[in-house]
Amino acid sequence: MNLIKIYSEKDAAPYINKRAGETKFGEKVGFVDSLESLKNHSSNYVLLGIPEDIGVRANYGNPGTSKAWNTALGSVLNIQHNHLTNAENVILLGEIDCDTQMKQAENISKADKHYAEKLGELVFQIDHKVAEVVKAIVAAGKFPIIIGGGHNNSYGNIKGTSEGLKKPINCINFDAHTDFRALEHRHSGNGFSYAFEEGFLSKYFIFGLHRNYTSEAVFASMKNNSEKVKFNLFEDITINQNKSFSEALAESENFCSNDNFGIELDMDAIEIMGSSAITPSGFSVTQARQFVSYFAKNKNASYVHICEGAPSTGVVSNQVGKAIAYLVSDVIS
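Below or above, wherever it landed, is the structure these notes cover. (Residues numbered from 1 in each chain as written. Predicted model: local features only at pLDDT ≥ 70, side-chain atom pairs only at ≥ 80, totals over all residues. Heavy atoms only, no water.)

**What about the environment of Ser202?**
Our working definition: Helix and strand labels come from DSSP, where a helix needs a run of H or I of at least four residues and a strand needs a run of E of at least two; each type is numbered from the N terminus. Residues count as neighbours in contact if any of their non-hydrogen atoms are within 4.5 Å of one another. We define a polar contact as two N or O atoms separated by no more than 3.5 Å, with the added condition that, inside protein, one atom must be a possible hydrogen donor and the other a possible acceptor, whereas residues neighbouring each other in sequence contribute only through side-chain atom pairs.
Relative to the elements of secondary structure, Ser202 occurs in strand β6 (residues 201-209). Along the sequence, Ser202 and Lys5 sit 197 residues apart, while their C-alpha atoms lie 31 Å from each other. Setting aside its immediate chain neighbours within four residues, Ser202 contacts Pro168, Ile169, Asn170, Phe196 and Lys228. There is a polar contact of 3.2 Å between the side chain of Ser202 and the side chain of Lys228.

What follows is the structure in structure tokens.
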């Protein structure tokens, strides 16, 4: 099973729009020729793409997250290289090889009564690839910045980081949804619940949960695991203003950051952002940047995952790529 397509300078070149008198981010990032050689590279951050939307479709959502990685590259690699953007501290690793699973997914009819379950089997295969690659990055002492795909990939990120560190990890998720659904077939709505059930995820905090899109069953599940799973509501932060954005950040930090933790950001939580479940009411891109910047600076932060972006659904065609580029630069600044 092919795990990853490792990039070279030749792969990156078509994305870079060179201009006289300027140096672009993509002209200064580093490359490796294998996962094994990561440990010998001086750069700390590793860019990794996941070009799939099978997990979203298995959760009865809209496709399109498979395009976020390539769209993001067009923006990230054209950030200006200057003394503030730190391109030299980034390795452009490549992308998880999802070709076989994506092709197989296209051959599963929506009329098949086992449509979602069959897609779930393909998600399981991608889980393995993501976990193995993330494990290799973390074991090499690097910080993965993972872009694209559905939130099903939280499972592989958490499992890979946990195995790379040889212990369970915590996670803070900027999301309108918990993705803590029932342990049925694998899909974008149960990555965290599977990671929790299997012991890779220790403590889990959902930042800005929307009350309108959380079932009573999920609230009950979180209540039953209240020592390990907590949340704050989007409505309490922005509508009722029971707590400030800063207070909400501190609340989640106090719960999760005492040990290694992952940072998950679902673009569904950003208002009018091109995503698999675009929302008319959500946080701003600036607030998303504040969230990522705040937690990425924590010494126990172990990875960042920016997911659920779907460029074709956006009001402005390039907003997804530019938003991800801002988030990436905030991680490494």
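Read on for the rest.
**A look at the packing of helix α4 (residues 99-106) against helix α5 (residues 115-139)**
Note the cut-off: Between N-to-C directions, angles cover 0 to 180 degrees, with each direction set by a line fitted to C-alpha atoms, over the stretch in contact for helices. Note on terminology: angles under 35 degrees are roughly parallel, angles over 145 are roughly antiparallel, angles of 65 to 115 are roughly perpendicular, and the others are oblique. Polarity classes work like this: nonpolar for Ala, Val, Leu, Ile, Met, Phe, Trp, Tyr, Cys and Pro, charged for Asp, Glu, Lys and Arg, and polar for all others, with Gly in that last group.
Viewed as axis vectors pointing N to C, α4 and α5 meet at an angle of 175°, and their least axial separation amounts to 10 Å. Taken together, the axis directions place α4 and α5 in an arrangement best described as roughly antiparallel. Judged by residue contacts, Gln101, Gln104 and Ala105 of α4 engage Leu119, Leu122, Gln125, Ile126 and Lys129 from α5. Residues of the contact of α4 with α5, tallied by class, amount to four nonpolar, three polar and one charged.

**Regarding the packing of aromatic side chains**
Just so we agree on the cut-off: Only the six-membered ring of Trp is used, alongside the rings of Phe and Tyr, when aromatic pairs are assigned; centres must lie within 6.5 Å, and planes under 30 degrees apart are stacked while those over 60 apart are edge-to-face, with the rest tilted. To sort residues, take the accessible area from a 1.4 Å probe on protein chains only and compare it with the maximum for the residue type: under 20% means buried, over 50% means exposed, and anything in between is partly exposed. Any Lys NZ or Arg CZ that is within 6 Å of a ring centre and within 35 degrees of that ring's normal is treated as a charge sitting over the ring.
Throughout the structure, instances matching the rule amount to 19 aromatic pairs. Pairing Tyr7 with Trp69 gives two aromatic rings, centres 6.2 Å apart and planes at 40°, and the pair type is tilted. Taken together, the positions of Tyr7 in the loop between β1 (4-6) and α1 (9-12) and Trp69 in helix α3 (residues 68-76) put the pair 62 residues apart, joining distant regions of the chain. Given the relative accessible area of 8%, Tyr7 is considered buried. Between the aromatic rings of Phe174 and Phe291, the centroid separation amounts to 4.9 Å while the plane-to-plane angle is 50°, which identifies the pairing as tilted. Here Phe174 is found in strand β5 (residues 169-174), whereas its partner Phe291 is found in helix α11 (residues 285-296), with 117 residues between them in sequence. Here a set of aromatic residues connected by ring pairs shows up, and it is made of Phe174, Phe207, Phe234, Phe245, Phe261, Phe283, Phe291, Tyr294 and Phe295. Note that Lys203 overlies the ring of Phe255, its terminal NZ or CZ placed 4.6 Å from the centroid.

**A word on the pairing of strand β8 (residues 261-266)**
For the record, the criterion: Whether two strands pair comes down to DSSP finding at least two bridges between them.
Burial of β8 is extensive: six of the six residues sit out of reach of the surface. Covered by surrounding structure in β8 are Phe261, Ile263 and Leu265 together with Gly262, Glu264 and Asp266, the residues of both alternating faces. Sheet topology places β5 next to β8; five bridges connect them, and they run parallel. Counterpart to Asn173 in the pairing with β8 is Glu264.

**Describing the pattern of salt bridges**
Let me state the cut-off plainly: Any carboxyl oxygen of Asp or Glu that lies within 4 Å of a side-chain nitrogen of Lys or Arg is treated as forming a salt bridge with it.
The tally for this structure, following the rule as stated, stands at nine salt bridges. Between Lys5 and Glu95 there is a salt bridge whose closest N-O contact spans 3.8 Å. Of this pair, Lys5 sits in strand β1 while Glu95 sits in strand β3 (residues 90-96), and the two are 90 residues apart along the sequence. Lys5 sits in the partly exposed class, given a relative accessible area of 30%. When its relative accessible area of 10% is taken as the criterion, Glu95 is described as buried. Asp330 is the salt-bridge partner of Arg289, the closest N and O atoms lying 2.7 Å from each other. Within this pair, whereas Arg289 is found in helix α11, its partner Asp330 is found in helix α12 (residues 319-332), the two being separated by 41 residues in sequence. Put simply, Lys5, Glu95 and Asp99 are held in one network by salt bridges that share partners.

**Some words on α11**
Stated formally: Expected helix span is taken as 1.5 Å per residue step, with the number of steps being one fewer than the number of residues.
Compared with an ideal rise of 1.5 Å per residue, which puts twelve residues at 16 Å, α11 spans 16 Å between its outermost C-alpha atoms and is within 8% of the ideal. Among the residues of α11, Ala288, Phe291, Val292, Ser293, Phe295 and Ala296 are the ones counted as buried. The elements touched by buried residues of α11 are β5, β6, α10 (245-256), β8, β9 (301-307) and α12.

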